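Listed here are the chains, written in short residue letters.
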Amino acid sequence: MNNIDWGALPFGYQKTDYNVRCYYRDGKWGELEITSDEYIPIHMAASCLHYGQEAFEGLKAFRGKDNKVRLFRWQENAKRMANSAEGVMMAEVPESLFGEAVKKVIQLNEKFVPPHGTGAALYLRPLLIGSGAQVGVKPANEYMFMVFATPVGPYFKQGFKPVNFQVVRDFDRAAPLGTGHIKVGGNYAASLRASERAHDEGYANVLFLDAKEKKFIDEAGPANFFGIKDGVYVTPDSNSILPSITNMSLRVIAEDLGLKVERRHVSVDELGSFEEAGACGTAAVISPIGKIVDRDTGKEYVFSKDGNPGEWTTKLYERLQGIQYGDVEDTHGWLEIVE
Ligand SMILES: *Cc1c(COP(=O)(O)O)cnc(C)c1O
């Protein structure tokens, strides 16, 4: 099983050897179980299937030049999953169990961690679901937590090249007081029609606006948005944005590189003033934005005229990737080596 063409890996599911699972029953978490089964036996009345009691996470492990495997900021994913659990009334996964599960999956699937220099990584997908049978609308009394791994290549096949986005107003991803700030599947379900239409119309994804006033930028599809102007890294702040750990890290790196950082409402009109723009998340790290087109007005905001990413966007990307692959010193203590 080592005939994987690492350089040509898609961002998709590929079978690995093991996954781990754990059940919450009678008010407590049981032992972590190791399995090779890709399927989950599930009760037909499980609350995740009917009432959307589910949350997931996404994080990566990277192989360095020294061949060591580095896991990036997993504690932040553990915290976020605990917030997601609270948000849809599921049993919280303790940080220690989350860490144990993620590291165990990496160790068990070590041969699937792509070699250094291929641009690929081992993607880890923790999942928490309401597994207890429930017909009335209320939280389940049983939960399942699992983590699986899959080696992934870069999210965008074109590589680190600008992609285009469209501003839409006829779909919302999340309500202002809804579940946009937690990583639950329902937000993704709500975004599918907008993003599939954007793909059909030739865009990488949509820029969702705030659902109430349609004035401010919320998210860039399944990623956070940032813009750069006059030496300032600007990223939207709102209750319906998922707090991206990539964005959190880029804000720190931006300051390290000498940029100022602002986290505030960003109006659509302000798009015209940015020199660079990008979307960020674990999957792609940064997707530089070449152009944003307002689907209703036809107005275009161009950030890349020559088809290349901007200077700051490139520096941010290289620094963060450099840290993740162990090529740049990890001065913030973001990595844990998994032996
Ligand atoms: C997961 C996710 C992101 C990116 O978060 P990272 O922690 O950087 O991977 C951004 N927006 C949405 C809606 C997400 O679900």
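Residues numbered from 1 in each chain as written. Predicted model: local features only at pLDDT ≥ 70, side-chain atom pairs only at ≥ 80, totals over all residues. Heavy atoms only, no water.

Trainee: Please give an account of the overall build of the protein chain that cites residues and values.
Mentor: Secondary structure assignment for the protein chain yields six helices and 18 strands. Relative to a compact globule of 339 residues, whose C-alpha radius of gyration would be 20 Å, the protein chain shows 20 Å and is just as compact. In terms of overall dimensions, the protein chain has a C-alpha envelope of 55 × 50 × 35 Å along the principal axes. Every one of the 339 residues in the protein chain was classed for burial, and the buried ones make up 53%. (Helix = DSSP H or I, 4+ residues; strand = E, 2+ residues; numbered from the N terminus. Rg over C-alpha atoms; globule rule 2.2 N^0.38 Å. Buried < 20%, exposed > 50% of the residue type's maximum accessible area, 1.4 Å probe, protein only.)

Trainee: Requested: an account of the site of the ligand, with residues and values cited.
Mentor: Around the ligand sit 14 residues, and of these Lys183, Tyr188, Ser244, Thr246 and Thr282 come closest. In this structure, Thr246 approaches the ligand through a side-chain N or O atom, which is 2.6 Å from an oxygen atom. Across the shell around the ligand, the residue classes tally to five nonpolar, five polar and four charged. (Near = heavy atom within 4 Å. Polar contact = N/O pair within 3.5 Å; in protein donor to acceptor, adjacent residues only side chain to side chain. Nonpolar A, V, L, I, M, F, W, Y, C, P; charged D, E, K, R; others polar.)

Trainee: Got a sec to walk through the domain arrangement of the protein chain? Specific residues and values, please.
Mentor: When the domains of the protein chain are assigned, the result is domain 1 (6-152) and domain 2 (163-324). Its C-alpha centre places domain 1 at a distance of 26 Å from the equivalent point of domain 2. In this complex, domain 1 contributes 20 residues to the contact, which on the side of domain 2 involves 16 residues. When the buried surface of domain 1 facing domain 2 is broken down by residue, Phe56, Phe72 and Arg80 rank first, second and third, together holding 37% of it. Linking domain 1 with domain 2 are zero salt bridges, by the criterion used here. Counting only elements with at least two residues in the side of domain 1 that touches domain 2, the list comes to strand 4 (54-56), strand 5 (59-63), strand 6 (69-72) and helix 2 (74-87). Broken down by element, the residue count for the side of domain 1 that touches domain 2 peaks at six residues, all from helix 2. A class-by-class count of the residues in the side of domain 1 that touches domain 2 yields eight nonpolar, five polar and seven charged. (Domains from an automatic or database assignment. Contact = heavy atoms within 4.5 Å. Buried area = accessible area lost by both parts, 1.4 Å probe. Salt bridge = Lys/Arg side-chain N within 4 Å of Asp/Glu carboxyl O.)

Trainee: Give me helix 2: which residues, what numbers.
Mentor: The terminal C-alpha atoms of helix 2 lie 20 Å apart, and with 14 residues this matches the ideal 20 Å at 1.5 Å per residue to within 8%. Along helix 2, the positions that sit buried rather than exposed are Trp74, Glu76, Asn77, Ala78, Arg80, Met81, Ala82, Ser84 and Ala85. At the exit of helix 2 stands Met89, carrying a positive phi of roughly 55 degrees. (Expected span 1.5 Å × (residues − 1).)

Trainee: Outline the nonpolar core, listing residues and values.
Mentor: One recurring pattern in soluble globular proteins: nonpolar side chains tend to sit buried together. The biggest cluster of nonpolar side chains holds 40 residues, and the ones touching the most others in it are Trp29, Leu71, Ile106, Leu124, Leu128 and Phe145. Of all the secondary structure elements, the ones that give two or more residues to this core are strand 1 (19-25), strand 5, strand 6, helix 2, helix 3 (95-108), strand 7 (121-130) and strand 8 (143-152). With six residues, helix 3 is the largest single contributor of residues to this core. Residues Val266, Val268, Leu271 and Ile292 belong to the second largest nonpolar core, which totals 22 residues. (Core = buried A, V, L, I, M, F, W, Y, C linked by side-chain atoms within 4.5 Å.)

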